[in-house]
Every structure is written in structure tokens, then in C-alpha cells.
Amino acid sequence: MIDLRSDTVTKPTDEMREAMKGATVGDDVLGEDPTVKELEELAAKKMGKESGLFVTSGTQGNITSLLTHTQPGEEIIFGRDCHIYRYEVGGYASLAGLSGRTLDDSEGYLDLSEIEEAVREENIHHPETSLLCIENTHNVAGGVPVDFDYTNKVSDIAHKKGLNVHLDGARVFNASVALDEDIAKLVEPVDSVMFCLSKGLSAPVGSMLVGSEEFIERARKNRKRLGGGMRQVGVIAAPGIISLKEMVHRLKKDHDNARRLAEGLKDMGVDIDPNKYKTNIVMLDTSQFEMKAEGLRVKLEEKNIRTLALGKDLMRFVTHREVSREDIDKVLNIFEEEIL
Ligand code: TLP
């Protein structure tokens, strides 16, 4: 089976399993797990922020951040294709009590002037706008790596309007590798960052939230409120340390494989623009085929290729550590022989 559904499917490496076995642990709710502390310090240092917090998932990291930045009844601004809005079960509303103002982000970027206009003026009828959320890489837009310049401009506008900025950086290391930009510089303008260890970085579980010391102290309490206070959790933090130390540089291979897939499809006449895909995600508009995305997904699955249909005419392919260049060539062959 060639599994291109997501980079979340990657299994821990042998080295990660060994690290789990040997991890020194303690009760982390009491602040006594040395392995978690090491991971949190390493994550904060890498991202150039004061403190870090280990969370169970990207979704928990994002909602913890929202709870920490905002008060119930406030409004946040985000893209209508962003993960927090589309795929996190509406937690921003049900758990954090926020309303959401959505803007177009179909290309991965929010328009700067639209953000300015979306911030509510003081008026008895209006909620306060308190937070802007951006995403890097932008998943649904096709793994778009968002550069420093834009991140800086957007944060500047938000800060001038009195808003904080949270970055959903589930795959922000993919962005840093694709843009050849230092990770700390890339996230320097934003107030908080969530990033995932369990995607391309191959850890079995977990994400990180980083920000100022004061922010993380309050976030730690919100994580507890969400039931995310974990005990001898060094056993799952240990692989995360390996993710950060050893798994970042290899992301380039995933990007090369994604590019090869998009170029290969283009070469056989498929309507796709390979230049759009700079990281490990490729989107295919299936309206050009007779089959809908779901039909194509089933057909590919019969040929041992797993993908995701994201709506009736959109198919997503995600490359990762367990997909080789040869696998990509097999996928291209199946397209040529069975689909086109
Ligand atoms: N995304 C998953 C699915 O939920 C779609 C995937 O396979 O891509 N932010 C972004 C940008 C994400 O892509 C994801 C996961 C998350 C947050 C949430 O992470 P988890 O799954 O750890 O809660």
C-alpha cells in the first residue's frame, strides 16, 4: 500500500522506539518529567520563543492557544479554508466561545487590506476583535509555504490594531525547508506558534505550542482545563526530541517527491500546475476526469494507493518519510495505465 492520505500516517523510527523505552519520566502535571522539559526547552529555543508546551495534538495546541489569547464573546479573524475553521469541530465557538470572521485564503494568504477592514471598530453592537490566525504551510491551498515578508506585514497590521497573532504551523518546518528560511526568523513576528511533531517529523504523538513565558504559563492551565495534563509523558515526548534534532532536514525529500508527482501528472496531460506545489502536499482538481474525487479515490485504493477526497472535485496527495521516489513512479504508472 502506498499511503498518500497524510503525513500523519508515519510510524515512529526504530531510534524513536528506543528513546521511548529508555526515557526518564516523572509526573508532568507536577512539573517533574525531565524528558518533557527537555522537549519544551528545545522547541522554544528552535522557534526563538521564551517557552514551550507539549500538547496531545495540533487541534489541542490551537484551541489551547485560542483560549489563552482571547475571552469568550470576542471575535477572531481567520481564513475560510484554514484548519482551525474547517477541521477542528468548531472548537473556537463551542469551547472558546468565540465568533469567527472568515476571509478568503484560497491561495494560502489573507489579503492585508481585508484584514484591516475586518477588525471591528468600537461600537456597542460589536464584539471585540482580539486575534488573527494564520496557517503555514497552508494545507488546503496546497501546502503553500508562507514567507517571512508576508508574516511580518500581516503581524504588523494585526499588532497595530491591537490584535495578537497565532500561527497554526502544523507543517511550519516544511515551510522553513522549502523557503530556505531560518525557522526562528520565519515565526519571529507572531505571538504564538503551534507545530506538529506527529506529521512529517514522524513522532507517533504530539504537537508543541510556543510563545512568551507568561503566555505559556497561562496556556499550561488551559491545557489542563481541556484534560491535557499528562503524567509520565516523557515516553511520548522522547520521540519528539528526535523529530526536532534529526527529522527536519529530510523534509526536502518529501518536497522533491511531491514535485515529481505533480510534474509527472502534468507531463501526461493532466491539468495541474506543478509550480504551485512547493512542499509535501499536491492537490488535484478531479473535475477534469469523468469520475468524482471519491470515485477516483476508490479506484486508486483498489490499486493499493491511498489518497483523500477533500470534497467532490478535490483530491489530496501528501508525501512523507514512508513514500519513496519509486512509489511516486508507481503512482504515475497507475495514472497513465488505469485512469487517463
Ligand atoms: N490535519 C490533518 C487533517 O485533520 C486534515 C491532515 O491530515 O492534514 N493544523 C493543520 C494545518 C493541520 O493540517 C492539522 C492536521 C492540524 C492543525 C491538526 O493536527 P492534529 O491532527 O494533530 O489535531
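All values reported here derive from a predicted model rather than from experimental measurement. (Residues numbered from 1 in each chain as written. Predicted model: local features only at pLDDT ≥ 70, side-chain atom pairs only at ≥ 80, totals over all residues. Heavy atoms only, no water.)

What to know about the overall build of the protein
Scanning the protein from terminus to terminus reveals 14 helices and 12 strands. The C-alpha radius of gyration computed for the protein amounts to 20 Å, which stays within 12% of the reference 20 Å derived for 340 residues, consistent with globular compactness. Projected onto the principal axes, the alpha-carbon positions of the protein cover approximately 60 × 55 × 35 Å. Buried residues in the protein amount to 54% of all 340 residues. (Helix = DSSP H or I, 4+ residues; strand = E, 2+ residues; numbered from the N terminus. Rg over C-alpha atoms; globule rule 2.2 N^0.38 Å. Buried < 20%, exposed > 50% of the residue type's maximum accessible area, 1.4 Å probe, protein only.)

Some words on the sheet that holds strand β7 (residues 192-196)
If you trace the seven strands from one edge of the open sheet to the other, you get β2-β8-β7-β6-β5-β3-β4, paired in mixed fashion. Every interior strand has two partners, whereas the edge strands, β2 (51-55) and β4 (99-103), have only one. Taking each pair of neighbouring strands and ignoring which way they run, the sheet shows an average axis angle of 20 degrees. Here strand β6 (residues 164-168) runs beside β7; their pairing, made up of three bridges, is parallel. Residue leucine 167 lies in a different strand from β7, and its bridge partner there is valine 193. Across the sheet, helix α10 (residues 213-225) touches β2, β7 and β8 (207-211), and the angle it forms with β2 is around 20 degrees. (Pairing = 2+ DSSP bridges. Axes fitted to C-alpha atoms, helices over the stretch in contact; angles between N-to-C directions. Contact = heavy atoms within 4.5 Å.)

A word on the domain arrangement of the protein
Many analyses report the size of an interface as the accessible area lost when the parts associate. Each assigned domain of the protein is listed here: domain 1 (12-247) and domain 2 (250-339). Each of domain 1 and domain 2 was reduced to a C-alpha centroid, and the two centroids are 28 Å apart. Listed by partner, the interface residues are 19 residues for domain 1 and 14 residues for domain 2. The junction of domain 1 with domain 2 conceals about 1,500 Å² of combined surface from both sides, 56% of it contributed by carbon and sulfur atoms. In terms of surface lost to domain 2, no three residues of domain 1 exceed Gly142, Asn174 and Met247, which account for 28% of the buried area on that side. At the surface where domain 1 touches domain 2, the tally comes to zero salt bridges. (Domains from an automatic or database assignment. Buried area = accessible area lost by both parts, 1.4 Å probe. Salt bridge = Lys/Arg side-chain N within 4 Å of Asp/Glu carboxyl O.)

A short note on the sheet that holds strand β12 (residues 314-318)
Strand order across the open sheet formed by three strands is β9-β12-β11, with antiparallel pairing between neighbours. Every other strand in the sheet has two partners, leaving β9 (281-285) and β11 (308-309) as the edge strands with one partner each. Taken together, the two bridges between β11 and β12 define a ladder with antiparallel strand orientation. Paired with alanine 309 across the strands is methionine 315, a residue of β12.

Section: the pairing of β2
Within β2, five of the five residues are buried, which leaves it mostly tucked inside the rest of the structure. Side chains Ser51, Leu53 and Val55 of β2 all project onto a buried face; the interleaved residues Gly52 and Phe54 project onto the opposite face, where all are buried too. Sheet topology places β2 next to β8; five bridges connect them, and they run antiparallel. Residue pairing across strands places phenylalanine 54 opposite methionine 208, the latter belonging to β8.

Quick word on the environment of glutamate 294
Here glutamate 294 is to be found in helix α13 (residues 293-302). Spatially, the C-alpha atoms of glutamate 294 and alanine 219 are 39 Å apart, while their sequence positions differ by 75 residues. In terms of polar contacts, glutamate 294 uses its side chain to reach the side chain of arginine 297, at 2.9 Å. (Polar contact = N/O pair within 3.5 Å; in protein donor to acceptor, adjacent residues only side chain to side chain.)

Considerations on the packing of helix α12 (residues 251-267) against helix α14 (residues 325-339)
Contact geometry for α12 and α14: axes closest at 10 Å, N-to-C directions at 20 degrees. Regarding the angle of α12 to α14, the classification is roughly parallel. Between α12 and α14 lies a crossing whose hand is right-handed. From α12, Asn257, Arg260, Leu261, Gly264 and Leu265 reach across to α14, where they touch Arg325, Ile328, Asp329, Val331, Leu332 and Phe335. The residue makeup of the contact of α12 with α14, split by class, is six nonpolar, two polar and three charged. (Parallel < 35°, antiparallel > 145°, perpendicular 65-115°, else oblique. Left-handed = near helix turned anticlockwise from the far one by under 90°. Nonpolar A, V, L, I, M, F, W, Y, C, P; charged D, E, K, R; others polar.)

Brief notes about unusual backbone geometry
In this chain, asparagine 136 is followed by threonine 137 through a cis amide linkage whose omega measures -5 degrees. Along the chain, threonine 137 turns up in the loop between β5 (129-135) and α7 (148-160). The residue serine 202 is not glycine, and still its phi comes out positive at about 75 degrees. Relative to the helices and strands, serine 202 is located in the loop between β7 and β8.

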